[in-house]
Amino acid sequence: MEIITLTIIGIISRLVPHLPNMTPVGATALFSSAKFGMKKGMIILLLTMLISDVLIGLHPVMWATYGSFMITILIGWWVQKKYSLSRFMTGTFISSIVFFIITNFAVWLVPNGMYAKTLTGLIHCYIMALPFFRNSLIGDFFYGFMFYYGYEVVKYWNIHKHTAVVTEKFRI
């Protein structure tokens, strides 16, 4: 059920209007691998990205986008070993930085792209990408926090709902 739910959230979030780079895809990749394992995390990520990219359109730095999200899956595996809010938020920060570094390096590498293939061009590329990085950080932390606590609330509610039903059945 979590595969379908998180995939639908990811796809819809990429299709509806949003600030650039402020979607829950990174948070979904981290959360799903941290909570449900790397296999489910990869399935959720790949389904989300492939389906939404077919609808949105393909681009020359997809390899970097997918690759950096795969690293996020690995970071989720690290988070899973000692799952806590602080470790989850640390993983969120690290994965946001990894995404920023890899994808913007790929943008700089694009042949006949917007930036000169010099150190100055690379630095310019990273500077111009800072507003997108800010949005990524905000989105990753916001959605990561929502996934982390949303999951805990649902788990708590399900446990107590079940307890209430059992208590009600055996009331004298």
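Calculation notes
Residues numbered from 1 in each chain as written. Predicted model: local features only at pLDDT ≥ 70, side-chain atom pairs only at ≥ 80, totals over all residues. Heavy atoms only, no water. Salt bridge = Lys/Arg side-chain N within 4 Å of Asp/Glu carboxyl O. Helix = DSSP H or I, 4+ residues; strand = E, 2+ residues; numbered from the N terminus. Buried < 20%, exposed > 50% of the residue type's maximum accessible area, 1.4 Å probe, protein only. Polar contact = N/O pair within 3.5 Å; in protein donor to acceptor, adjacent residues only side chain to side chain. Contact = heavy atoms within 4.5 Å. Axes fitted to C-alpha atoms, helices over the stretch in contact; angles between N-to-C directions. Parallel < 35°, antiparallel > 145°, perpendicular 65-115°, else oblique. Left-handed = near helix turned anticlockwise from the far one by under 90°. Nonpolar A, V, L, I, M, F, W, Y, C, P; charged D, E, K, R; others polar.

Q: Help me understand the pattern of salt bridges, please; the structure alone is not making it clear to me.
A: Pairing between side chains becomes possible if they bear opposite charge and their charged atoms approach one another. Under the definition given, this model contains 3 salt bridges. The shortest N-O distance in the salt bridge between arginine 14 and aspartate 53 comes to 3.0 Å. Of this pair, arginine 14 sits in helix H1 (residues 2-15) while aspartate 53 sits in helix H3 (residues 38-56), placing them 39 residues apart in sequence. Among the residues examined, arginine 14 registers a relative accessible area of 17% and is labelled buried. With a closest N to O distance of 3.4 Å, lysine 155 and glutamate 152 form a salt bridge. Here the residue lysine 155 and the residue glutamate 152 both occupy positions in helix H7 (residues 130-169), the gap between them amounting to 3 residues, near one helical turn. The class for glutamate 152 is partly exposed, based on a relative accessible area of 23%.

Q: Before we go on, may I ask you to explain the side chain of threonine 48 in this structure?
A: Along the chain, threonine 48 falls in helix H3. Residue threonine 48 is classed as buried on the basis of its relative accessible area, which comes to 3%. In this structure the side chain of threonine 48 is engaged in a polar contact, spanning 2.8 Å, whose partner is the backbone oxygen of isoleucine 44. In contact with threonine 48, not counting residues within four places along its chain, are Leu6, Thr7, Gly10, Ile11, Arg14 and Val25.

Q: Help me out: how do you make sense of the packing of helix H2 (residues 25-36) against helix H4 (residues 62-81) in this one?
A: Packed helix pairs are characterised by how far apart their axes lie and by the angle those axes make with each other. Two elements in contact, H2 and H4, have axes separated by 7 Å at closest approach and are oriented at 40 degrees. In this view, H2 runs oblique relative to H4, as classed from their interaxial angle. In this structure, the crossing between H2 and H4 has a hand that is right-handed. Contacts between H2 and H4 involve Val25, Gly26, Ala29, Leu30, Ser33, Ala34, Lys35 and Phe36 from the former and Phe69, Thr72, Ile73, Ile75, Gly76, Trp77, Val79 and Gln80 from the latter. Considering only residue class, the contact of H2 with H4 consists of 10 nonpolar, 5 polar and 1 charged.

Q: Got a minute to help me understand the side chain of serine 96 in this structure?
A: Inspection of the secondary structure assignment puts serine 96 in helix H5 (residues 85-109). Overall, serine 96 belongs to the buried group, its relative accessible area being 1%. A distance of 2.6 Å separates the side chain of serine 96 from the side chain of aspartate 140, its partner in a polar contact. Every residue in contact with serine 96, bar those within four places of it in the chain, is listed here: Phe133, Ser136, Leu137 and Asp140.

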